[in-house]
Amino acid sequence: MKQKEGIVLKEVAKELKNKCDELAALYEVGKSLVAVNLKLDDILDLIARRVARVIKAKRCLIFLTKDDEGLFLKSLSGYKGNVLPKNEVMESIEEIAKFVLNTKRSLKIDDINRYSRFRLSKGNKVWRSLVAVPLIHKGSPSGAIIVYSSKSNYFLGEDERLL
């Protein structure tokens, strides 16, 4: 009986720590938003880093729209030198971002290799599971956040909710 109670307490402690990490990340982002000397790019970089850390995602990308000019990658976290490697298909990533912008709904994919709508290169091992969430400003889509992992079934509904 004591062993079960100990296991339950450890699980509760782990969940509490995760919630504290989430709140700390949100607090840091909130502080940055009111900082006078930060530019939008700096704030977006901070958000991308914090989101990736809290959700324990391999990488995080933030896209923004610019008037009617389309979608632009504004920030990324988890890439060496903040540059997308050539082996990643930007067109598919942008297609996912456009999809959540057009639908104004988040998208959680447990295994992109089994998801027929967005198929990356055959044998893709970099992108397996992802969560993409539209950024809505005054009722209009203004961007998207995409986090991903190289493991299938990595993200929980809770991660989607947090984003």
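What comes next concerns the included structure. Computed from a prediction, not measured in an experiment: that's the story for all the values here.

We now examine unusual backbone geometry. Of note in this structure, lysine 56 is not a glycine but carries a positive phi near 60°. Tracing the backbone shows lysine 56 in the loop between helix H2 (40-55) and strand E1 (59-65). The phi dihedral of lysine 138 falls on the positive side, at around 50°, and the residue is not glycine. Following the sequence through the fold, lysine 138 ends up in the loop between strand E4 (129-137) and strand E5 (140-149). Judged by relative accessible area, which is 77%, lysine 138 ranks as exposed.

Moving on, we get to the side chain of arginine 59. Looking at where arginine 59 falls in the secondary structure, it is placed in strand E1. Owing to a relative accessible area of 15%, arginine 59 belongs among the buried residues under this scheme. A distance of 3.0 Å separates polar atoms of two side chains, one belonging to arginine 59 and the other to tyrosine 148.

Attention shifts here to the pattern of salt bridges. Summed over all chains, the structure comprises four salt bridges. Measuring nitrogen to oxygen at the nearest pair gives 3.4 Å for the salt bridge that ties aspartate 41 to lysine 74. Separated by 33 residues along the polypeptide, aspartate 41 in helix H2 and lysine 74 in strand E2 (residues 71-77) bring together distant segments of the chain. You can call aspartate 41 partly exposed: its relative accessible area is 37%. The exposure class of lysine 74 is partly exposed, given its relative accessible area of 33%. Of the charged contacts, one joins arginine 128 and aspartate 111 as a salt bridge, the two residues approaching to 2.6 Å between their closest N and O atoms. Of this pair, arginine 128 sits in the loop between strand E3 (107-109) and E4 while aspartate 111 sits in the loop between E3 and E4; the two residues are 17 residues apart in sequence, bridging distant segments of the chain. On the accessibility criterion, arginine 128 (21% relative accessible area) is partly exposed.

Rules behind the numbers
- Residues numbered from 1 in each chain as written.
- Predicted model: local features only at pLDDT ≥ 70, side-chain atom pairs only at ≥ 80, totals over all residues.
- Heavy atoms only, no water.
- Helix = DSSP H or I, 4+ residues; strand = E, 2+ residues; numbered from the N terminus.
- Buried < 20%, exposed > 50% of the residue type's maximum accessible area, 1.4 Å probe, protein only.
- Polar contact = N/O pair within 3.5 Å; in protein donor to acceptor, adjacent residues only side chain to side chain.
- Salt bridge = Lys/Arg side-chain N within 4 Å of Asp/Glu carboxyl O.

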